[in-house]
Each structure stands twice: as structure tokens, then as C-alpha cells.
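The residues making up each chain are set out below.
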Amino acid sequence: MMKYVHLYDEIHPFLYNLEGGRSNTGRILSVWKKDEIDERIRWLRLMSPRTLIIPTIFRWENDYEKVSDVIGLNGNTKVRDLHIQNILKEIDTYGYDGIDIDYEGMTCEKKEVFQEFLILLRDELHKKGKILSVAIHPKTVAEKPSVYACKGLKSPIQVDFYEAYRGQLTHDYEFLGKVADKVKIMAYELHPRKQGFPGPGPQAPDWWIDKILEYAVARVPNDKLYMAIPTYGYDWALHCEAETKSVYYSRAKWIREKMAPRKEEPTDVLEIFKTQPKAGDWTYLRPYLYRHQGHVYSDPSLWYRMGGCDRVAFYMNRSAFEKKMKILDKYKIRGFSFWQLIEDNDPEIHKYLEEKLGRE
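Residues numbered from 1 in each chain as written. Predicted model: local features only at pLDDT ≥ 70, side-chain atom pairs only at ≥ 80, totals over all residues. Heavy atoms only, no water.

Asks: Any chance you could explain a nonpolar patch on the surface here in plain terms?
Replies: On the surface, M2, W43, L46 and M47 cluster together into a nonpolar patch covering about 410 Å² of accessible area. Along the chain, the position of M2 falls in the segment before strand 1 (10–11). Note on M2: relative accessible area 33%, which makes it partly exposed. (Patch = residues over 30% accessible without salt bridge, like charges linked within 9 Å, V, L, I, M, F, W, Y side chains within 5 Å. Areas by Shrake-Rupley, 256 points an atom, 1.4 Å probe, with all protein chains shown as cover. Salt bridge = Lys/Arg side-chain N within 4 Å of Asp/Glu carboxyl O. Helix = DSSP H or I, 4+ residues; strand = E, 2+ residues; numbered from the N terminus. Buried < 20%, exposed > 50% of the residue type's maximum accessible area, 1.4 Å probe, protein only.)

So this is what it looks like as C-alpha cells:
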């Protein structure tokens, strides 16, 4: 953060989570200690006074961790109101410029209370001249709109998007475009870490970013809209029971230097499947080849063998990043957001950003 903070209009330290698991207390917990927050925020302010500091509160719903009480589900307004006050207190304590709400994977019955929570939080933030930022799930246009009746909601959900499951059902783009000051679309994990469906592939292929923005700009004002671009990929086994690994700059470099891979950029998965020698049946890719029909990816990939196991690693480099930025430029949205700003990103990406900013 210290090295590159000067390049950014704002920075979102991934700093807070909710206290409590299946039930919430309303309090937020920081991954930094108080003296660490004090010191790091002070240094960030000194390094780049113009950069807004808007930390993230994160919670991904699963069987053990919920987002329920803090948004007032089942009339639990006491915990919700305490949650809002705790957020405001943390902003006052450290002088943040606002807060970023990143509540993901919520089940559909939380849609209306989540929206009520955001309105209340926004109103309190605006009284202090602070910013409400919201991180949201990606959506693309549905060929045939439908209606989804969710138990517990006053009104059914209008489903005009393709990804009709969990988090997407609770994040209403048109509503968020009116209520939030900044809206950041999390455009990654199209091909997640798990083995099986949908198999290996890039995290944010160009065609997908284009379709997400086609949907978003019709519902969110351009000057509020950001696209979060991933700086990582994954390394999958193609026919073995072996661990899927995250791929940042250092791992991609290691594979290139140590494993004599087949290097592809752009990546045509169907052509590679036809021509690459195989140690076995690529059961984690073959059934899903249809997903790659008609697509040649700007994202680079490395195809190699380790311990008798065929593997493929997709990753992000400067060239692929530049092509994604051109799509954002085409739609004239406010900007991009990294997931995530860490030391192990391709250094050429920040070199490109420095060059781009120098030209503007």
C-alpha cells in the first residue's frame, strides 16, 4: 500500500469482519491492532494526502457465518442500529473517509432488509460528510427475464440477469446505483478454485467483463461505477486428485522458469486440448470444453506436468490487464478496483498504471 498508494483515488484496506457467526453482535472486528491502524493510516495520509481511505467490512455467508442480525433480519433492529453506530464510531476514531460494505453470498430473503440497512447507513454517513461504498456480485443480461418469489420478501425479485443465485438475488443494481456513492463490481471467480464445474479458465475473461458492464451501465450511473479486476489466477490439476493453487506473479514466474511449460498468450483452450500431449484423461476440463466455445482469451496460461500430473495455470500479467482496462474505457465508467493490491502482483501492471496516469 505504501509503495503504490499515490496512484489511487481511494484505498480499501481489507480490514474488518463481523463479530459472531450464525448470529451477529453488531460489533466489527479488525485484523489490525489499534496501534497498527493508527500508524498505517497516518503513514498513508502522509504518503498521499489526496487518497481517500475507505476500509472494507467483509462477510461471506456460509453454514457457520451469516449476515442476518446486523442488517435487521426478522425485525432485529436493535443489533442493526448498534452495527451502524459501531461503524460510525470506527470512522470517527481513525478519521476514515467512509466505509465499504462487502456482504456477499446472502440468501434472497435478506434483500429488502439489506436495502433498508444501506439507506440508514448512508443517511448517517452523509450527515458526517462520509462515503458509502458497496461491493457487489457480477451480473450479465438474461435472455429471458423472469420473476423469483422468495419467502419472506414483500415483493418478488425481478430477475433480468443470468446469474440467478444467492448473492446476485440480494444485490439490486438499480437500487444500489441510487443509494451508494460508489459501486464496485467484483468481476472474478468465473472459474473458481474447486475441481469440477466449470473447470479451469481465466478469472475475468474479456467477454465476461464486457457483458457485465453492458448490464451495469444501464442501471448504475457511470460516475459511481467501478469494475474490480483480479490480479490472480489458479493452477489446476487436469486429471489428478491434487491441490488447486493460487497463482500470483511469483508462482507464474516459478512455473515458467522451472517446469518448461507450454506458454499460451492468447489462450485457445479448445486448440490446446486437441494438440497437447496428455498423461491421462483430463476429467477436470474435458466435460466443460463447451464453455470455451467461441472464446480465445487474452489471459495467459501455462500448461505443464508435475509429479505425473498434467496441470494448467491461468494468471494475470500486464498485457491481459491492459486489454481489460480498454473495455472499461469503452464504457466510460468511473474506474477500476484491484482485487487485490499486494506485493506479489506483476510489477509491470503498476508500471502501466504509472504510464497511463502520466499521459492523462
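Asks: Is there a simple way to think about the domain arrangement of the protein chain in this case?
Replies: Much of the literature gives interface size as the accessible area that the parts lose upon coming together. Here the protein chain is partitioned into domain 1 (5–231 + 317–357) and domain 2 (235–314). Computed over C-alpha atoms only, the centres of domain 1 and domain 2 are separated by 30 Å. At the junction of the two partners, domain 1 supplies 30 residues and domain 2 supplies 25 residues. Summed over both sides, the interface of domain 1 with domain 2 buries roughly 2300 Å², with 56% coming from carbon and sulfur. Looking only at domain 1, the three residues that lose the most surface to domain 2 are R193, Q195 and P200, adding up to 30% of its buried area. Our count for the contact surface shared by domain 1 and domain 2 stands at one salt bridge. (Domains from an automatic or database assignment. Contact = heavy atoms within 4.5 Å. Buried area = accessible area lost by both parts, 1.4 Å probe.)

Asks: Is there a simple way to explain the state of the cysteines in this structure?
Replies: Cysteine pairs can be linked by a disulfide, which is a covalent bond between their two sulfur atoms. Applying the stated criterion across every chain yields a total of one disulfide. A sulfur-sulfur separation of 2.0 Å characterises the disulfide bridge that pairs C108 with C150. Across the S-S bond linking C108 and C150, the dihedral sits near 80°, which makes this disulfide right-handed. Linking C108 in the loop between strand 6 (98–104) and helix 3 (111–127) with C150 in the loop between strand 8 (141–148) and strand 9 (157–161), this pair joins segments that are 42 residues apart in sequence. Taken as a pair, C108 and C150 share a single burial class, namely buried. (Disulfide = S-S within 2.5 Å.)

Asks: Explain the side chain of H191 to me, please; I cannot follow it from the model alone.
Replies: Tracing the backbone shows H191 in the loop between strand 10 (182–186) and helix 6 (206–216). Looking at H191, the relative accessible area reads 3%, which means it is buried. Within the structure, the side chain of H191 is placed 2.8 Å from the backbone oxygen of G199, a separation counted as a polar contact. (Polar contact = N/O pair within 3.5 Å; in protein donor to acceptor, adjacent residues only side chain to side chain.)

Asks: Please explain the nonpolar core as it appears in this structure.
Replies: Side chains that are nonpolar tend, in soluble globular proteins, to be buried together. Grouped together as the largest cluster of nonpolar side chains are 79 residues, with contacts concentrated most on I101, Y103, F117, L118, M227 and F321. If sequence neighbours within four positions are ignored, L118 has contacts with I101, L132, V134, F175, L176 and V179. Core analysis: the second largest hydrophobic core is formed by 20 residues, Y232, Y248, L285 and F314 among them. (Core = buried A, V, L, I, M, F, W, Y, C linked by side-chain atoms within 4.5 Å.)

Asks: I tried to follow the sheet that holds strand 12 (residues 233–237) on my own but got confused; where do I start?
Replies: Whenever strands of a sheet pair, they do so through backbone hydrogen bonds, lying parallel or antiparallel. With antiparallel pairing, the five strands of this open sheet are ordered in space as 13-12-16-15-14. A single partner strand is all that each edge strand has here, and the edge strands are strand 13 (245–247) and strand 14 (262–264). Taking the axes of each pair of neighbouring strands and ignoring which way they run, one obtains an average angle of 20° across the sheet. With three bridges connecting them, strand 14 and strand 15 (residues 301–306) associate as antiparallel partners. For E264, the partnering residue across the bridge sits in strand 15 and is S301. The sheet strands contacting helix 7 (residues 249–258) are strand 12, strand 13, strand 14, strand 15 and strand 16 (309–314), and the helix crosses strand 15 at an angle near 60°. (Pairing = 2+ DSSP bridges. Axes fitted to C-alpha atoms, helices over the stretch in contact; angles between N-to-C directions.)

Asks: Which parts of the structure should I look at to understand the pattern of salt bridges?
Replies: Where charged atoms from two side chains of opposite charge come close, those side chains can pair. In the structure shown here, the tally under the stated rule is 32 salt bridges. One salt bridge in this structure joins K184 and E10, with 2.8 Å as the shortest N-O distance. Of this pair, K184 sits in strand 10 while E10 sits in strand 1, and the two are 174 residues apart along the sequence. E10 sits in the buried class, given a relative accessible area of 10%. The shortest N-O distance in the salt bridge between R305 and D310 comes to 2.8 Å. Given a relative accessible area of 3%, D310 falls into the buried group. Connected through salt bridges with shared partners, the residues E61, E109, K110 and R166 form a single ionic network.

Asks: Help me understand empty space enclosed by the protein in this model?
Replies: Where empty space is left becomes clear once a probe the size of a water molecule has been rolled over the atoms. Tallied over the entire structure, the rule returns one cavity of 30 Å³ or more. Quantified by volume, the largest cavity comes out at close to 40 Å³. Forming the walls of the largest cavity are P202, Q203, A204, P230, Y232, G233, D299, F314, Y315 and M316. (1 Å grid on protein atoms, 1.4 Å probe; cavity = no way out; pocket = protein on both sides within 12 Å on 5 of 7 lines; lining within 4 Å. Points joined across faces, edges and corners; volume = space filled by probe spheres on them.)

Asks: Looking at this model, I keep getting lost on the packing of aromatic side chains. Mind explaining?
Replies: Each aromatic ring pair is summarised here by two numbers: the centre-to-centre distance and the angle between the ring planes. Summed over the entire model, instances satisfying the criterion amount to 23 aromatic pairs. Between Y94 and Y96 the ring centres are 5.7 Å apart and the planes differ by 35°, which places this aromatic pair in the tilted class. We classify Y94 as buried; its relative accessible area is 13%. Cluster of aromatic residues (ring-pair linked, three or more members): Y232, Y234, W236, Y248, F273, W282, W303 and F314. The lysine or arginine in question, R40, covers the ring of W32, its NZ or CZ lying 4.8 Å from the ring centre. In this arrangement the basic side chain of K139 is found over the ring face of F161, its NZ or CZ atom lying 3.8 Å from the centre. (Phe/Tyr/Trp six-rings, centres within 6.5 Å; stacked < 30°, edge-to-face > 60°. Lys NZ or Arg CZ within 6 Å of the ring centre and 35° of its normal.)

Asks: Before we go on, may I ask you to explain helix 7 in this structure?
Replies: Helical periodicity: at 3.6 residues per turn, an α-helix aligns residues three or four positions apart in one direction. Looking only at helix 7, the buried set comprises R251, A252 and I255. What you see down the axis of helix 7 is that its buried residues fit within an arc of 100°, all on one side. With respect to the buried face of helix 7, the exposed residues turned more than 90 degrees away are E257 and K258. A260 lies just past helix 7 and shows a positive phi near 45°. (Arc of directions from axis to C-beta.)

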